Number of protein chains: 2
Amino acid sequence: MHTVYSAEHRLRDPRTELHGGELVAPFECPARAEMVLEHVKQCALGPVLSPQTHSLDQILRIHDQRYIQFLQTCWNDWQAAGYAGEAIPYIWPLQDAGEFRSEDIQARLGYFALASDTAVSDGTWQAALASAQVALTAQNLVASGQESAFALCRPPGHHATTDRFGGYCFVNNAAIVAQAFLDQGASRVAILDVDFHHGNGTQSIFYGRSDVMVLSLHGDPRVAFPYFTGYADETGSGDGEGFTANYPLPRNTEFDQWDDALTTALRRIAAYAPDALVISLGVDTFINDPISFFRLQSEHFTRYGARLATAKLPTVFLMEGGYATEELGLNTTNVLRGFEGG
Amino acid sequence: MHTVYSAEHRLRDPRTELHGGELVAPFECPARAEMVLEHVKQCALGPVLSPQTHSLDQILRIHDQRYIQFLQTCWNDWQAAGYAGEAIPYIWPLQDAGEFRSEDIQARLGYFALASDTAVSDGTWQAALASAQVALTAQNLVASGQESAFALCRPPGHHATTDRFGGYCFVNNAAIVAQAFLDQGASRVAILDVDFHHGNGTQSIFYGRSDVMVLSLHGDPRVAFPYFTGYADETGSGDGEGFTANYPLPRNTEFDQWDDALTTALRRIAAYAPDALVISLGVDTFINDPISFFRLQSEHFTRYGARLATAKLPTVFLMEGGYATEELGLNTTNVLRGFEGG
């Protein structure tokens, strides 16, 4: 399997994350992607390619132009305002807030965020753009005939909505890849999100559409980030009714229970008969993940990788979360090697 | 003029405020109320009374029961969850988030907050409750025939909505006092908010009602907290249409310009002919205030205090903001003495 990687992810290296009422060193850090790359090389997964440059238009198929402009200018505007810390939203519009009236950087942070865990820092936009280029390059490989490809994206993307960042995510790589398949002629694409956290951004982007099915296995939002979405009765709306599927799972979920949900999701995908499959690959389902609560062991990643291959679909893997950095490379490549051997 | 004060405000003594991407020592601190009390005594404004105990029902006339329960339990629940810092919201529902489904303390923080500047800390509910008792006791004095009274409230209240905290505010003292006047037989009450920041909570509580007119002079929300409300074209809705008035003013506003807006507001109040006047008294309009941008000098507070007396209405003053602690007592008592001499 080919891997696509860009060293520009390192430009995203914030100092602060709001976590439990404190500013801590971010769980989502450059060492994560480096660890995965090291294991990709160690296990000889296949060639490692640099991303090609794709037009911003492909990102704007998913994200609002005004939001992208915000990401491009946020750090400079924040610095120009003279703040000492990184750019963390501290007020947001209420549900009845109406139209967009203030251009103050504090107001724009509030408009364009869904969480205050994630700081915008120097280099964030460049890294997020490179991450999307990595994703689109992997999509191109699969669209050109490769059975699968691995986009070693960082920062991750699945929490980003059309116009909101948060949960370490800025640009929704999975959504952009799915849209690219459609724009190249696919009729249907499935996105399967196996990250520990509900892919709330991806869900919201496609909630009213039937051409992308979004399925997510994740920690029960009653007790896990992002709390407000990811419930089993969220199934889509309008044309999208029936094309969203959520599998919330409780604390201490073991692999067998998780795998049962995966089986159900794969059946849904088979019935949908998509032209391509996009995997939002978070490995924070791992038992030692510091901010999650499932109990998968390293060998389970190999097993479910093999199971993903049974879908027999052109498949793009996109790196999402996973914060047990030491084991991150092993668990990620286990999925990919399992897929190739499956 | 009688002052009502409770030492229980000291129970609200958080360590952290999210400001400019950093956790800093809160601007809204116990020394503020102590400084005002000291000046009240120094200038012999009048007797200083302790608050009487009023029923929680008076608070529940304004605030949702579920929100009050949240304030009562938040700190314990947060501690039970094992977080190291103070309780600061880090994710909030989007506009399409729908119903209230997670009881996790992180979810409730997000539901019940409008900003992440303000941490819930040990003692916060007790202090907020005492602040409301102080306000209601001052209201009683005026309802019982005193021409005016000063509620030395802390924490302040004007940013709190029926079900959201933020901007240092938890319980909306001005709204509770206005409602108390109505419940005792008043037909109309005016709330005049002279704090530097738009009284977004107070506005939202009465936006659809004609029995309370809400007028606010404040820093232009295009460039000042709370950013999303406080624009001149927000005039109320439904039955409340025409009973909200906002006077946003630009950076470096001098007293004369501010005073012109006050004159306009007082004319509106005179035409409304309320039975009582509630003043949300923030003195962060002061030139040296660390987080505001008007240019009032200490003597101007005396002048506008005298001008407020020209309304010739039973008047309850409620302490709101003001963060230049050294001058806070002088500026506050200048308003009150100006009123008495006016």
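What you are looking at is a predicted structure, and each value in this text was computed from that prediction instead of being measured. (Residues numbered from 1 in each chain as written. Chains lettered and ligands numbered in written order. Predicted model: local features only at pLDDT ≥ 70, side-chain atom pairs only at ≥ 80, totals over all residues. Heavy atoms only, no water.)

Comments concerning the environment of A:Gly341
All names here are of chain A. The following threshold applies: Strands here mean DSSP runs of E at least two residues long; helices mean DSSP runs of H or I at least four residues long; both are numbered from the N terminus. Remark: exposure states derive from per-residue accessible area (1.4 Å probe, protein chains only) relative to the maximum for the residue type, with buried under 20%, exposed over 50%, and partly exposed in between.
Within the secondary structure layout, Gly 341 lies in helix α10 (residues 325-341). On the basis of relative accessibility, which here comes to 68%, the residue Gly 341 falls in the exposed class. A C-alpha to C-alpha distance of 8.6 Å links Gly 341 and Gly 305, two positions 36 residues apart in sequence.

A word on the packing of aromatic side chains
Put simply, the rule reads: Geometry of aromatic contacts follows a simple scheme: Phe, Tyr and Trp rings, the Trp one being its six-membered ring, pair when their centres are within 6.5 Å, and the pair is stacked under 30 degrees between planes, edge-to-face over 60, tilted otherwise.
If you walk through the whole model with that rule in mind, you get 41 aromatic pairs over all chains. Ring centres of A:Phe196 and A:Phe294 lie 4.8 Å apart, and the angle between their planes is 75 degrees; this geometry places the pair in the edge-to-face category. Taken as a pair, A:Phe196 in the loop between β6 (189-193) and α7 (200-206) and A:Phe294 in the loop between β9 (276-281) and α9 (298-309) lie far apart in primary sequence, 98 residues in all. We note that A:Phe196, like A:Phe294, is buried. Seen in terms of ring centroids, B:Phe255 and B:Trp258 are 6.3 Å apart; in terms of plane orientation they differ by 25 degrees. Their pairing is stacked. Of the two residues, B:Phe255 and B:Trp258 are both situated in helix α8 (residues 255-272); the distance of three residues between them amounts to about one turn of the helix. Of the two residues examined, B:Phe255 and B:Trp258, each falls in the buried class.

Here's the deal with the interface of chain A and chain B
What counts is decided by this rule: Two residues form a contact once any of their heavy atoms are found within 4.5 Å. By convention, the term buried area covers the 1.4 Å-probe accessible surface removed from two parts as they join, with the contributions of both added. A pairing counts as a salt bridge when a side-chain nitrogen of Lys or Arg comes within 4 Å of a carboxyl oxygen of Asp or Glu. All amino acids are sorted into three groups, where Ala, Val, Leu, Ile, Met, Phe, Trp, Tyr, Cys and Pro are nonpolar, Asp, Glu, Lys and Arg are charged, and the leftover types, Gly among them, are polar.
Across the contact, 44 residues belong to chain A and 44 residues belong to chain B. Area buried by chain A at its contact with chain B is led by A:Tyr90, A:Trp92 and A:Phe228, which between them contribute 21% of it. One can count two salt bridges joining chain A with chain B. The partner of A:Asp233 in a salt bridge is B:Arg101, and the shortest N-O contact between them spans 2.9 Å. A total of four residues in the side of chain A that touches chain B trace back to one element, the largest contributor, which is helix α4 (residues 105-111) of chain A. Broken down by class, the residue content of the side of chain A that touches chain B amounts to 25 nonpolar, nine polar and ten charged.

Section: the side chain of B:Ser102
Stated formally: The definition of a polar contact used here is a pair of N or O atoms within 3.5 Å, where within protein one atom must be able to donate a hydrogen and the other to accept one, and adjacent residues in sequence count solely through side-chain atom pairs.
The residue B:Ser102 is located in the loop between α3 (65-80) and α4 (105-111) in this model. A distance of 2.6 Å separates the side chain of B:Ser102 from the backbone oxygen of A:Arg222, its partner in a polar contact. Of note is the side chain of B:Ser102, whose polar atom sits 3.1 Å from the backbone nitrogen of B:Asp104. Sequence-distant contacts of B:Ser102, defined by excluding residues within four places in its chain, comprise A:Pro221, A:Arg222, A:Val223, A:Tyr227, A:Tyr231, B:Ala107, B:Arg108 and B:Tyr111.

Here's the deal with the relation of the copies chain A and chain B
Superposition of the two copies of the chain requires a rotation about an axis together with a shift along that axis. Cut-off, in case you're wondering: To superpose the copies, least squares is applied to the C-alpha atoms of every residue with a pLDDT of at least 70 in both.
For the pair chain A and chain B, the best superposition has an RMSD of 0.0 Å and corresponds to a rotation of 180 degrees with a translation of 0.0 Å parallel to the axis. Expressed as an axis order, the relation between the two copies is that of a two-fold axis.

Let's talk about the packing of helix α1 (residues 30-42) of chain B against helix α10 (residues 325-341) of chain B
All names here are of chain B. Just so we agree on the cut-off: Axis definition: a line fitted to C-alpha atoms, over the contacting stretch in the case of helices. Angles run 0 to 180 degrees between N-to-C directions. By definition in this entry, angles of less than 35 degrees are roughly parallel, angles greater than 145 are roughly antiparallel, angles of 65 to 115 are roughly perpendicular, and the rest are oblique. Left-handed describes a crossing whose near helix is turned anticlockwise from the far helix through less than a right angle; right-handed describes the clockwise counterpart.
Between α1 and α10, the least distance of the axes is 8 Å, while the angle of their chain directions is 45 degrees. When the axis of α1 is compared with that of α10, the two are oblique. The two elements α1 and α10 meet at a crossing, and its hand is right-handed. Of the residues in α10, those touching α1 at Ala 31, Arg 32, Met 35, Val 36, His 39 and Val 40 are Thr 325, Glu 326, Leu 328, Gly 329, Leu 330, Thr 332 and Thr 333.

Notes on helix α9 (residues 298-309) of chain B
Note that an α-helix has 3.6 residues per turn; residues three or four places apart therefore point the same way. Along α9(B), the residues classified as buried are B:Ser298, B:His300, B:Phe301, B:Tyr304, B:Gly305, B:Leu308 and B:Ala309. Looking at the buried side of α9(B), the elements it contacts are β6 (189-193), α8, β9 (276-281), β10 (315-319) and α10 of chain B.

Considering the sheet that holds β9(B)
In a beta sheet, neighbouring strands are held together by backbone hydrogen bonds and run either parallel or antiparallel to one another. Residues and elements named next belong to chain B. Stated precisely, the cut-off is as follows: Two strands are said to pair when DSSP picks up at least two bridges between them.
An order of β4-β1-β5-β10-β9-β6-β7-β8 is seen for the eight strands of this open sheet, with the pairing classed as parallel. In the strand order of this sheet, the two ends are held by β4 (48-49) and β8 (244-249), each with one partner. In terms of strand pairing, strand β1 (residues 2-4) meets β4 through two bridges, oriented parallel. Paired with Val 4 across the two strands is Leu 49, which belongs to β4. Relative to the sheet, α8 contacts β6, β7 (212-219), β8 and β9, its axis offset from that of β7 by approximately 175 degrees.

Re the pattern of salt bridges
Residues and elements named next belong to chain A. A full pass over the atoms with the stated rule returns 26 salt bridges over all chains. Linking Asp 77 and Arg 108 is a salt bridge whose minimum nitrogen-to-oxygen distance equals 2.8 Å. With Asp 77 in helix α3 (residues 65-80) and Arg 108 in helix α4, this residue pair connects regions lying 31 residues apart in the sequence. Among the charged side chains, a salt-bridge network with shared partners connects Arg 66, Asp 77, Glu 103 and Arg 108.

Structural notes on the pairing of strand β8 (residues 244-249) of chain A
Residues and elements named next belong to chain A. Burial of β8 is extensive: five of the six residues sit out of reach of the surface. Alignment of strand β7 (residues 212-219) against β8, held across six bridges, turns out to be parallel. Its bridge partner being in β8, Gly 219 is matched across the sheet by Leu 249.

Quick word on the sheet that holds strand β4 (residues 48-49) of chain A
Residue and element names in this part refer to chain A. Taken in spatial order, the eight strands of this open sheet run β4-β1-β5-β10-β9-β6-β7-β8, and their pairing is parallel. Since the sheet does not close on itself, it has two edges, and those belong to β4 and β8, each with one partner. Where strand β1 (residues 2-4) and strand β5 (residues 148-151) come together, three bridges link them in parallel fashion. The partner of Thr 3 across the bridge, within β5, is Phe 150.

Structural notes on the environment of B:Thr124
Residue and element names in this part refer to chain B. Mapped onto the elements of the fold, Thr 124 is located in helix α5 (residues 124-143). Considered as a pair, Thr 124 and Gly 321 are 197 residues apart in the sequence and their alpha carbons are 17 Å apart. Every residue in contact with Thr 124, bar those within four places of it in the chain, is listed here: Leu 11, Arg 12 and Phe 170. Side-chain polar atoms of Thr 124 contact the backbone oxygen of Ser 121, separated by 2.8 Å.

Looking at the pairing of β9(B)
All names here are of chain B. Note the cut-off: When the strands point away from the viewer and the connection leading from the first strand across the helix to the second strand turns clockwise, the crossover is called right-handed.
Here β9 lies mainly inside the structure; six of its six residues are buried. Burial along β9 is two-sided: the residues Ala 276, Val 278 and Ser 280 and Leu 277, Ile 279 and Leu 281 are all buried. Relative to β9, β6 is paired through five bridges, and the arrangement is parallel. If you follow Leu 192 over to β9, its bridge partner there is Ile 279. Once you follow β9 into α9 and on to β10, the crossover reads as right-handed.

Any functional reading would require information beyond the geometric quantities listed.
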